[in-house]
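# Examining the three-dimensional arrangement
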Amino acid sequence: MKKWYRSSGPESDVFLGSEAALSRNLDDTPFPGRMSGEQQREVIRRVRAAAENENSALAGTLRYVPLDGLTEEEAVSLAERRLAGAGFIAQRGGRGLLVSEDESLCVLINGENHLLIRAAGAGFSLREVYGRADTLDSILSRSLPFAFDRRFGYLTRNPADLGTGMTASLTLHLPALADSGAVPRIAAGLSRLRMSLRGTGFPAKKPRGAVYRLSNRMTLGLSEQEAVANLTGIARQVAEQEREARRKLAGDIAVQDAVSRSLGLLRSARLLRNDEFLELISLVRFGIATGFIPDLSYDVIDGLMIEVQPATLTLAAGRTMTAEERRAVRAQVVREALGARREGD
Amino acid sequence: MICQCCGERPATAFIATVSDGKLTQAALCAECAQRLGFGNFFAGLGYRFGGVLQELFDEGEGDRPDEVRCEDCGASFADIVRSGRVGCAQCYRTFYGRLAPLIRQIHGGGVHRGKVPGGSLPQVRPGGRLAVRVRRKAKPSGGGTPR
């Protein structure tokens with residue numbers, strides 16, 4: 001089955017993906033951090049039973065992956081594929097996750113909270129992904145007693161997450177705003193609205209590939225639907241600013257040259273570093289959005305941006321590789337995906 | 001060590017991060033840690049509460065033998081303030097009187113208006129308001145058949 005990040009969604013020119021994540025805890029068990037090993041195993045057993053019960057609407061849709069059996073590469077690949085954060089994979093004992101085949105639905109168990117119920121989708125599809133996370137949450141809550149208080153909402157380990165326990169986020173490609181230096185000013189304005197705009201990866205000040213994450217920080221005092229509507233409204237404004245900035249850049253011959261050279265390099269390179277790939281592919285993505293590159297689609301680009309990440313690339317190759325071998329395999333995968341002609345054709 | 005995020009202030013916290021296919025650690029200052037969601041919820045509130053919380057951050061304070069502990073997980077209020085993490089659902093009941101003002105301070109006094117466990121259908125809560133607003137009827141557009 002095709003992974004969710006290999007498809008394109010609404011407004012893919014700016015939006016790489018949408019995500020909704022719900023933090024939940026069991027009312028009758030200490031939160032992670034104060035649990036015994038036995039309690040950790042029991043939480044995993046109960047969550048799996050709720051998801052895998054043959055009478056459940058979820059039966060057969062989620063596969064369990066124990067974290068403590070994973071190699072570092074397998075664990076890092078989970079982070080590269082945006083299934084789990086670095087904090088979750090850093091301590092693998094007593095943790096696990098349930099994941100759907102297309103990787104658009106997952107439940108992280110015994111991370112910051114007992115459960116993190118997460119749905120993801122391509123493009124600008126926040127309402128749709130929230131709907132799927134909400135449904136998964138409702139099904140699990142039929143057999144799991146979620147900790148809840150009518151004033152504070154869902155009870156979370158960090159009081160900052162009380163209320164809906166929801167983090168809704170959008171992954172945006174903002175090459176033109178990043179180039180103009182406008183992102184810090186926009187981020188500062190959004191911070192006052194209790195929203196966050198920051199680069200993915202780390203350090204987050206100027207991310208490679210101009211990929212940013214916009215998310216809500218307010219969880220208590222407004223409903224999930226209101227939070228999604230607020231974030232949607234803000235995201236539309238940021239996207240319009242990006243498109244306006246792109247229109248200004250698009251007429252510049254130097255920018256057009258950089259886009260064409262980037263595609264040429266990606267289609268012919270024999271060795272490709274990850275940071276170099278991210279910078280070049282960002283320009284190619286900009287070229288598709290501004291019409292310079294008519295023969296490529298966002299699903300190919302966005303799939304590559306995940307699949308040639310170092311750990312994910314190594315896993316797909318099925319063998320350990322030196323750094324140079326990995327750069328060679330990355331270059332080959334990129335050449336084939338971008339339709340470079342084979343030698344002798 | 002200088003904070004790897006802002007490159008200005010001294011780092012005080014280390015967080016897990018993934019870089020170039022490897023699991024590694026990043027050094028953050030307190031401000032950046034707070035901004036990126038890795039901070040302690042209670043940090044910075046101490047001064048606004050007359051130093052009561054600040055005392056609990058100090059080593060050795062608040063661990064008196066007669067300190068009230070949560071009967072479910074054994075956490076004391078001092079444990080919660082120092083770690084920035086609540087021990088269990090019962091802690092919210094045990095320490096309600098001390099936690100509630102801090103939660104109101106951080107969250108701006110709001111009360112929960114979202115989903116309640118058990119489903120996503122509109123539900124009437126004790127306050128009497130519907131959890132999901134009813135949409136206003138759309139105006140019929142020129143001559144179309146209303147569905």
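Residues numbered from 1 in each chain as written. Chains lettered and ligands numbered in written order. Predicted model: local features only at pLDDT ≥ 70, side-chain atom pairs only at ≥ 80, totals over all residues.

## Quick word on the overall build of chain A
- Of the regular secondary structure elements, chain A holds twelve helices and ten strands.
- Computed over the C-alpha atoms, the radius of gyration of chain A is 21 Å, within 12% of the 20 Å expected from 2.2 N^0.38 for a compact globule of 345 residues.
- Taken along its principal axes, the extent of the C-alpha atoms in chain A is 65 × 45 × 35 Å.
- Classification of the 345 residues of chain A by burial places 51% in the buried group.
- A sequence separation of at least 24 residues applies to 68% of the contacts in chain A between residues at least 6 apart. (Helix = DSSP H or I, 4+ residues; strand = E, 2+ residues; numbered from the N terminus. Rg over C-alpha atoms; globule rule 2.2 N^0.38 Å. Buried ≥ 20, exposed ≤ 12 C-beta atoms within 10 Å, placed from the backbone. Contact = placed C-beta atoms within 7 Å.)

## As for the overall build of chain B
- Each helix and strand counted, chain B has five helices and two strands in total.
- Counting from the amino terminus, chain B carries its helices and strands in the arrangement β-β-α-α-α-α-α.
- Across the 147 residues in chain B, those meeting the buried criterion constitute 27%.
- Counting only contacts in chain B whose residues sit at least 6 apart along the sequence, the fraction spanning at least 24 positions is 22%.

## Concerning the interface of chain B and chain A
- Contacts between chain B and chain A engage 42 residues on the former and 47 residues on the latter.
- Mapped onto the side of chain B that touches chain A, the elements with two or more residues apiece are β1 (13-19), β2 (22-28), α4 (89-94) and α5 (96-107) of chain B.
- Top contributing element to the side of chain B that touches chain A by residue count: β1 of chain B, with five residues.

## Points about the packing of helix α9 (residues 274-289) of chain A against helix α10 (residues 298-307) of chain A
Residue and element names in this part refer to chain A.
- Their axes nearest at 10 Å, the elements α9 and α10 cross at an angle of 165 degrees. By the criterion of interaxial angle, the relationship of α9 to α10 is roughly antiparallel. Judged by the sense of rotation from one axis to the other, the crossing of α9 with α10 is left-handed. Taking contact as the criterion, the partners of Ile281, Val284, Arg285 and Ile288 in α9 are, on α10, Tyr298, Ile301, Leu304 and Met305.
- Split by residue class, the contact of α9 with α10 holds seven nonpolar, no polar and one charged. (Axes fitted to C-alpha atoms, helices over the stretch in contact; angles between N-to-C directions. Parallel < 35°, antiparallel > 145°, perpendicular 65-115°, else oblique. Left-handed = near helix turned anticlockwise from the far one by under 90°. Nonpolar A, V, L, I, M, F, W, Y, C, P; charged D, E, K, R; others polar.)

## Some remarks on the sheet that holds strand β8 (residues 166-173) of chain A
Residues and elements named next belong to chain A.
- One open sheet holds the eight strands; their spatial order is β2-β3-β4-β5-β1-β8-β10-β9, and the pairing between them is antiparallel. The open sheet has two edge strands, β2 (62-66) and β9 (195-199), and neither has a second partner. Direction aside, the axes of adjacent strands within the sheet are offset by 20 degrees on average.
- Pairing geometry for β8 and strand β10 (residues 211-216), over five bridges, is antiparallel. Residue pairing in the sheet places Ser169 in a bridge with Ser215 of β10.
- Contacting β1 (15-24), β4 (105-109), β5 (115-122) and β8, helix α4 (residues 126-141) runs over the sheet at an angle of about 150 degrees to β5. (Pairing = 2+ DSSP bridges.)

## Things to note about the environment of Ile234 of chain A
Residues and elements named next belong to chain A.
- The residue Ile234 is located in helix α7 (residues 224-250) in this model.
- Ile234 sits in the partly exposed class, given 19 other C-beta atoms within 10 Å.
- Taking the C-alpha atoms as reference, Ile234 lies 8.5 Å from Leu190; in sequence the two are 44 residues apart.
- Excluding residues within four positions of it along the chain, Ile234 makes contact with Leu190, Leu193 and Met195.

## Details of the confidence of the model for chain B
Residue and element names in this part refer to chain B.
- The predicted model of chain B averages 74 in pLDDT, with 65% of residues at 70 or higher.
- Low pLDDT, under 50, characterises residues 121-147; the predicted model gives this stretch 15 contacts beyond four residues in sequence or across chains.
- Note on the complex model: pTM 0.88, ipTM 0.87. (pLDDT = per-residue confidence, 0-100.)

## Describing the environment of Val300 of chain A
- For Val300 of chain A, the position within the fold is in helix α10.
- A C-alpha to C-alpha distance of 43 Å links Val300 of chain A and Met35 of chain A, two positions 265 residues apart in sequence.

## Here we look at α5 of chain B
Residues and elements named next belong to chain B.
- The terminal C-alpha atoms of α5 lie 15 Å apart, and with twelve residues this matches the ideal 16 Å at 1.5 Å per residue to within 8%.
- Those residues of α5 that are buried lie in contact with α4.
- Looking one or two places after α5, you find Gly108, whose phi comes out positive at around 70 degrees. (Expected span 1.5 Å × (residues − 1).)

## Focus: the pairing of β1 of chain B
All names here are of chain B.
- Inspection of the sheet shows β1 paired to β2 by seven bridges, in the antiparallel sense. When the bridges of β2 are listed, Phe14 appears paired with Ala27.
- Here β1 folds back onto β2 in antiparallel fashion, the turn holding two residues, of which Asp20 has a positive phi close to 50 degrees.

## Focus: the pairing of β4 of chain A
Residue and element names in this part refer to chain A.
- The buried count for β4 comes to five of five residues, which makes it a mostly enclosed element.
- Of the two faces of β4, both are covered, the one formed by Leu105, Val107 and Ile109 as well as the one formed by Cys106 and Leu108.
- With four bridges connecting them, strand β3 (residues 96-100) and β4 associate as antiparallel partners. Each residue of the ladder has a partner; that of Leu98, found in β4, is Val107.
- Between β3 and β4, which pair antiparallel and follow one another directly, the connecting turn spans four residues, one of which, Glu103, has a positive phi of 65 degrees.
- The pairing of β4 with β5 spans five bridges and is antiparallel.

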